[in-house]
Amino acid sequence: MKNKFLAPNALAFAIYQLFAANPAWADSALGADTVLSNTLAPRAMLTSPERDARGKSLFILDLQRTPGGLLYAYPFEPPVYVPLSDDWVAHLSAEVGALHTSHPVSSAKFNERRDWSNGLLLNSYNFGVENEKSARYLEVAGGGLARDDQFMQVKYGHYNDYKVRFYYNELAQPFGGGARTFFDGAGGGNLTLRPGFGLVPGGAGRDAAGKANDALNMRRALQGVDLGLTRKKAGLESEAFINDDTSVLMRYSQERREGSRPFGGTMGFVFGMTPAGGGATNVPTGSAVETIEPTDYRTHDVLTSVRWVKDAAQANLTYTGSFFRNNIDTLTWENPYSSAGGPGVLKYGRTDLAPNNDFHNLKLELATSDLPMRGQLNGSLSIGRMTQNDAYIAPMVNTGLLVSPAISSTGAPLANPTPFTSGGAASASPILNASLWNTTDALSQKSANAKIGTWLGTLGGSIQPSDSLTVRGKVRRYAEDNSTSYTAYNPLTGQYGYVALDGGLWVNSKGYSGIYSDTTGTVASPSGNIDVLRSVFPIRYRSIPFEYRKDNYNVDADYRLARRTTLTFGYEREEYTRAHRERDRTWENRFRAALNNRDLDWATVRLSYEYGKRAGGTYNPDPYEPFIMSPAAPVPSTQGGNSGNLMAIPPHTLNDLRKFDLSDRIQRVVNARINVMLRQDMDLMLSGKVLDNSYDADFGRSLERTNSLNADWSWNLSPRTGTYAHYGFQRTRQRQANINDAVSGPYNLGNQDGAAGGANYPLANAWSQTATDKNHSVGFGLRHAFGQVTLDSNFSMLFARTGNAYTYASTAALTGATNAVLIAQAGNGMDDTLYRQNTLDTSLTFHVKKNMAWRLFHRYDRAKFADWHYDGLQNVYNNIAFLGAGPQNYSVNTVGVFFQYSMN
């Protein structure tokens, strides 16, 4: 529940600190954060403060510019301090008012990270006192008090001695408006089917008619549900000077995330079809349900740093710790669908949620600037450790005896030349005893005991042999050492692997159960005779300890051609050494040249070009063999049955497929920017960038290209008048290709050829995709004071289009290519997805007195979405259930009336 009294309590604490002889320390919700603000109070001060006509200098009358040539805007007037008593002075400003929206809007995009609720609000407040004699001060600022986007901070200190800062902020992040579900218990770890609608765990219908009735009951049981997270973060920061050379910085923060968000759950291959009870009607072999993941997180961050500076030397020693806690361990839901094994067989689904984990890091930094040729040298050493020891859950949550559909006596890969025997009796339906898997005794170890160590070392420096030449160099090494290990072994059955999807694949898809076996039949186990099914696909039974080392070597030089014109040349080599990846090593050489020119009176020009080439060692398509059990596949006899011979299964993947982070690549980057001073008070900035990545890969990612262009114009006509306009464009294009495997048998049994055009990857199954994103952004604004009335208006528009184009060698490259409707609709891609958002924000401020004003506020928000993924989407369709939490169009007017006051 929101703490409505947080701000007054924090203020009381700060005032006590100010006047108490011995400072006290808070013991919870402490830390440091970024700039605090929200949409309605973006500056954590009065929304429309006056501009200071003096500019940034009392001696330079003209507006000043940054070293890069950009024009500074007129700064805001500083707060006015008024005498209180003795040596104390104070300042105060606040804005209070009321807000109203034209109609309620549930769209997640409209409500993300901001609170548009109707009613009164304290939009911003800023208060400070200062003792000019003792150099003590107190500042309190914030906004959106008691709303979902509130923020505040309290600063207390003694100049050049110590300072303390407390802060608190909130954010709300909704996930899709209009979501509907047939579950009760959203936000918790147990989702149950709504009672009173005929829904039962495991479903009630087995045949097509029964499943249709289940779907009807699910539609009747639908209810609205709010999906979203709230983030609340608070912290305390303290910095003190021990002496002239040494200071200590300490921080603590706590972040809470609470709420719920869309999550998935499946009980088999959703789109597979098998005969219903031996009849002609086909029903799905699995089901999928969009569930609701609960979120109840706590993250504690701590930092302690000791800093020492003396003459030309500096040293920092810093400890950082982060401790994540999840108060909900698992998510369990009642499965509303029947399985291929019949109603009530698979009653529950369960998934483990994010584990508690800890992070520690100790870092030492050293630097000196007292070297020959005006040289500088710096280095750092950082050692980190990430750990988590979450308790494992049992491999499955369902109970009873799970029966697989009958196994045929012919065909591959599960063919049996003799009748199947189950429990000593002839049977065609193997049984999985859940009691041997739904207990933690079925685990080889009870907790994760996961550890990753990190190491980072850097050494850098620079020299300046002459006034025109500066040379810099840097060496950096980062390494991760993963000592996590887990083997999926069940001591109760003597089997390797796991029960996939809580038994969903055992009853729905036979040999894809996830439990390793080279045979089909009844075998002896430590718990007695059990039924086993021959595995159809490789099973990863051990965790893979991914780890790597990254080395960077960098050298560059700046040469001054003229007083304010510099040429830069740079070279960097990056080397990766990886464990258990397709490439053990990759290396990349990058070359960079840049020109910075500020000698022109009317412009600043910056140009740069970068070229990089990445290569590496031998590419191994399957580096995971030590962690995978590859079941042997049966070789069909000439009569169509099982010959009794076994051969290795087909290859892990296409040999020529390349992962984009490991592929050979040539990268070219061009950057250009010019800042033009059209007048002393007017700027035009033009910038562009071209990024081109070409991958030496026929299959996988082959191309990535980004072009961007930006234009910004601003005119600071006077402290009372200013305007601006900008336009931005970005186009990104990616291309990738692959070959669908041949699925007869599955694959071509016994053939291990992974080459393109071979038996397993025929060229007729080849396809390629080109994705293109185009983004436009437009904005302009005007600020002008008409006597005592000030107009401030801003408009922005965002437009994005994403398109996907496909090519395929034949319809064999399409999943489900036997579906004539799919083939007819495939064409060369789906409809483009579109997003457009317009915002017009206007304030009209009437200054009653110098320190009092009324502000009328209006904001118009409009957004439109077009996404084929959600067109005609039903909450319940066949064997799939969705939340329906897709994007929603909106068109909303928001008005507000505010009163501003500042101490004068």
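What you are looking at is a predicted structure, and each value in this text was computed from that prediction instead of being measured. The numbers attached to residues start from 1 for each chain and follow its sequence in the written order. pLDDT decides what is reported in this predicted model: residues at 70 or higher carry local features, side-chain atom pairs at 80 or more are listed and counted, and totals for whole chains, interfaces and linings draw on all residues regardless. Only heavy atoms go into the side-chain values, all of them from the structure, while hydrogens and water stay out.

1. Here's the deal with the nonpolar core
What counts is decided by this rule: Take the buried Ala, Val, Leu, Ile, Met, Phe, Trp, Tyr and Cys residues and link them wherever side-chain atoms come within 4.5 Å; each set so joined is a nonpolar core. Buried means the residue's accessible area, taken with a 1.4 Å probe over protein chains only, is under 20% of the maximum for its type, while exposed means over 50%, and partly exposed covers the values in between. Per the convention used, a helix needs a DSSP run of H or I reaching at least four residues, while a strand needs a run of E reaching at least two, with both numbered from the N terminus. Contacts were defined at the residue level, with two residues in contact if any of their heavy atoms lie within 4.5 Å.
Counting 23 residues, the largest nonpolar core has Phe 182, Phe 183 and Leu 199 as its most contacted members. Counting residues per element, the ones that place at least two in this core are β9 (190–193), α3 (208–220), β15 (288–310) and β17 (330–334). Phe 182 has contacts with Thr 192, Leu 193, Arg 194, Leu 199, Met 218, Ala 221, Leu 222, Val 289, Pro 336, Val 876 and Ala 881, leaving out every residue within four places of it along the chain.

2. Details of the packing of aromatic side chains
Here a ring pair, both rings aromatic, is described through the centre-centre distance and the interplanar angle of the planes. Put simply, the rule is: Only Phe, Tyr and Trp rings are paired, with Trp represented by its six-membered ring, and only when their centres lie within 6.5 Å; those with planes under 30 degrees apart are stacked, over 60 edge-to-face, the remainder tilted. Two conditions define a charge located above a ring, namely a distance within 6 Å from the ring centre to NZ of Lys or CZ of Arg, and an angle within 35 degrees of the ring normal.
Tallied over the entire structure, the rule returns 19 aromatic pairs. A cation over a ring is seen here: Arg 578 above Tyr 576, with NZ or CZ 4.1 Å from the ring centre. Sitting above the plane of the Phe 660 ring, Arg 701 keeps its charged end 4.1 Å from the centroid.

3. A look at unusual backbone geometry
Of note, the phi angle at Asp 86 is positive, near 50°, even though the residue is not glycine. By the secondary structure assignment, Asp 86 is in the loop between β1 (82–83) and β2 (88–101). For Asp 86, a relative accessible area of 77% puts it in the exposed group. Even without being glycine, Asp 311 reaches a positive phi, approximately 55°. By secondary structure assignment, the location of Asp 311 is in the loop between β15 and β16 (313–326).

4. Quick look at the pattern of salt bridges
What counts is decided by this rule: Here, a salt bridge means any side-chain nitrogen of Lys or Arg that lies within 4 Å of a carboxyl oxygen of Asp or Glu.
All chains considered together, the criterion is met by 37 salt bridges. Where Arg 374 meets Asp 467, a salt bridge forms, and the shortest distance between an N and an O atom there is 3.0 Å. Residue Arg 374 is found in the loop between β19 (357–371) and β20 (375–388), and its partner Asp 467 is found in the loop between β25 (450–466) and β26 (469–482); the two are separated by 93 residues along the sequence. Since its relative accessible area comes to 52%, Asp 467 is described here as exposed. For Asp 692, the salt bridge goes to Arg 705, with nearest N and O atoms at 2.6 Å.

5. Description of the environment of Asn 356
Inclusion rule: Polar contacts, as counted here, are pairs of nitrogen or oxygen atoms within 3.5 Å of one another; within protein the pair requires one atom able to donate a hydrogen and one able to accept it, and residues that are adjacent in sequence qualify only if both atoms are side-chain atoms.
Mapped onto the elements of the fold, Asn 356 is located in the loop between β18 (348–352) and β19. For Asn 356, a relative accessible area of 30% gives the class partly exposed. Other than its neighbours up to four places away in sequence, Asn 356 contacts Phe 324, Arg 325, Asn 326, Gln 388 and Asn 389. Polar side-chain contacts of Asn 356 include one of 2.7 Å to the backbone nitrogen of Asn 326.

6. Looking at the environment of Arg 733
Position of Arg 733 relative to the elements: it lies in strand β43 (residues 721–739). Arg 733 sits 39 residues away from Thr 772 along the chain, and the two C-alpha atoms are 4.5 Å apart. Excluding anything up to four places from it in sequence, Arg 733 contacts Leu 703, Glu 704, Arg 705, Thr 770, Ala 771 and Thr 772.

7. Some details on the sheet that holds strand β8 (residues 183–184)
In sheet architecture, strand pairing relies on hydrogen bonds along the backbone and comes in two forms, parallel and antiparallel. Selection rule: Each pair of strands is called paired provided DSSP finds at least two bridges between the two strands.
Reading across the sheet, the four strands line up as β8-β9-β17-β18 and stay open at both edges, with mixed pairing between neighbours. Because the sheet does not close on itself, it has two edges, and the strands there are β8 and β18.

8. Brief notes about α3
Test applied: Helix span, as expected, comes to 1.5 Å for every residue beyond the first. In this description, the arc belongs to the directions extending from the helix axis to the C-beta atoms.
Its 13 residues place the ends of α3 19 Å apart at the C-alpha level, agreeing with the 18 Å of an ideal helix rising 1.5 Å per residue. Among all positions in α3, only Gly 210, Lys 211, Asp 214, Ala 215, Asn 217 and Met 218 are buried. Along α3, the residues classed as buried sweep out an arc of 160° about the axis, all on the same side.

9. Observations regarding the confidence of the model for the chain
Low pLDDT means the predicted atomic positions in that stretch should not be read closely. Rules: Confidence scores per residue from the predictor, reported as pLDDT, run from 0 to 100.
Here the chain averages 87 in pLDDT, while 87% of its residues score no lower than 70. Every residue in residues 1–32 is under pLDDT 50, and counting partners more than four places away or in other chains gives 66 contacts. Confidence drops under a pLDDT of 50 for residues 635–645, and excluding neighbours within four residues, the segment shows 19 contacts in the predicted structure.

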